[in-house]
Amino acid sequence: MPLPQEFHDIAARVNNWGRWGADDEIGTLNLITDEVVRAAAATVRSGRRVPLALPLRQDGVQTGMIPGRVNPLHTMTAINQEIFGPGTVATSDDAVTMGLQAATHWDGLTHVSHSGRLYNNRPADAVTAHAGATVLGIEKATPIASRGVLLDVARAHGTDLLPGGHAVTPEDLDAAEELAGTTVRAGDIALVRTGQLRHYLAGDRQAYAFPSPGLSLRTPEWFHARDVAAVANDTLTFEIFPPEIEDLWMPVHALDLVEMGMLQGQNWNLEELATACAEEGRYDFFLSAVAEPFVGGSGTPVAPVAVL
């Protein structure tokens, strides 16, 4: 279906085109300033490090629902090979074929387009078959390190796992922010926990993929109002799936990536982090989530680490 007027009205309210200049290619990552990073570093107290990435494995989260997004296929290209002659040091090497967004990843600003445009009014045909993203490529993303805030929506609802049809609303984010005991501020990276990844961790890839809770059409305005630098969550599709408005597919992607220029992450493992935050009684931390700089990429794997 064509994008409805409701979508266009929200798009006008969250649009960041030109905010950081006509040539800008990093969007809301501009909000991660040196001052923001210094303040983020001050959140480190215990030094507890929590990994947030899923293992890269052939039986990963992808089920074939998303065409071409294959789980990592790992191949050994050399095994204990004495390449400099008999008796010399032997080496082993390997290679991987995978979708850049197969597991824990960032969606880049060229991952989606709408109405023929990308972020900052760039043409959608700037993404080409041979060069990939000729503008706004994921390699342009500055080193992503800032204060992270866990918005544990599931815990705010008194549950470990939101139901598959739950659209996370601004009111849900308010409740999770209150639970966190901190205010999400400019330059923060918001991590939204639904508990959905528990299905995958329990071995049920199909239940993880569909149906899935996720962010609603109303949430981009919440993040825009707070000048959030990036958002990630623990689902395959990021936004609620199937969509909350029948036949309106991926509107939150379009608002976040195209209108705001805000990276979004998916398949982040927030379970250990949720436990750590509850145990320590705080939900903010230093977050390192540097994008792998694949030139021309529309997304990239990431191995985020939260440091409390």
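Criteria and thresholds
Residues numbered from 1 in each chain as written. Predicted model: local features only at pLDDT ≥ 70, side-chain atom pairs only at ≥ 80, totals over all residues. Heavy atoms only, no water. Helix = DSSP H or I, 4+ residues; strand = E, 2+ residues; numbered from the N terminus. Rg over C-alpha atoms; globule rule 2.2 N^0.38 Å. Buried < 20%, exposed > 50% of the residue type's maximum accessible area, 1.4 Å probe, protein only. Contact = heavy atoms within 4.5 Å. Pairing = 2+ DSSP bridges.

### Overview of the overall build of the protein
- From N to C terminus, the protein includes nine helices and 17 strands.
- Compactness check: the protein gives a C-alpha radius of gyration of 20 Å against a globular reference of 19 Å for 308 residues, within 12% of the reference.
- With respect to the three principal axes, the spread of C-alpha positions in the protein is 70 × 50 × 40 Å.
- Each of the 308 residues in the protein was classed as buried or not, and the buried ones make up 52%.
- Across the protein, the fraction of contacts at a sequence separation of at least 24, relative to all contacts at a separation of at least 6, is 77%.

### A word on the environment of Tyr119
- In this fold, Tyr119 is placed in the loop between strand E5 (117-118) and strand E6 (122-123).
- A relative accessible area of 0% places Tyr119 in the buried class.
- Taking C-alpha positions, Tyr119 is 9.6 Å from Leu255, a pair spaced 136 residues apart along the chain.
- Each residue touching Tyr119, except ones within four places of it in the same chain, is listed here: Asn16, Trp17, Trp20, Asp24, Gly27, Leu109, Leu136, Leu257, Val258, Glu259, Met260 and Gly261.

### Brief notes about the pairing of strand E11 (residues 189-193)
- Within E11, five of the five residues are buried, which leaves it mostly tucked inside the rest of the structure.
- Examined bridge by bridge, strand E9 (residues 145-152) and E11 share five bridges and lie parallel to one another. Residue pairing across strands places Val149 opposite Ala190, the latter belonging to E11.
- When E11 meets strand E13 (residues 230-233), the two strands line up parallel, connected through four bridges. Directly across from Val192, in E13, lies its bridge partner Asn233.

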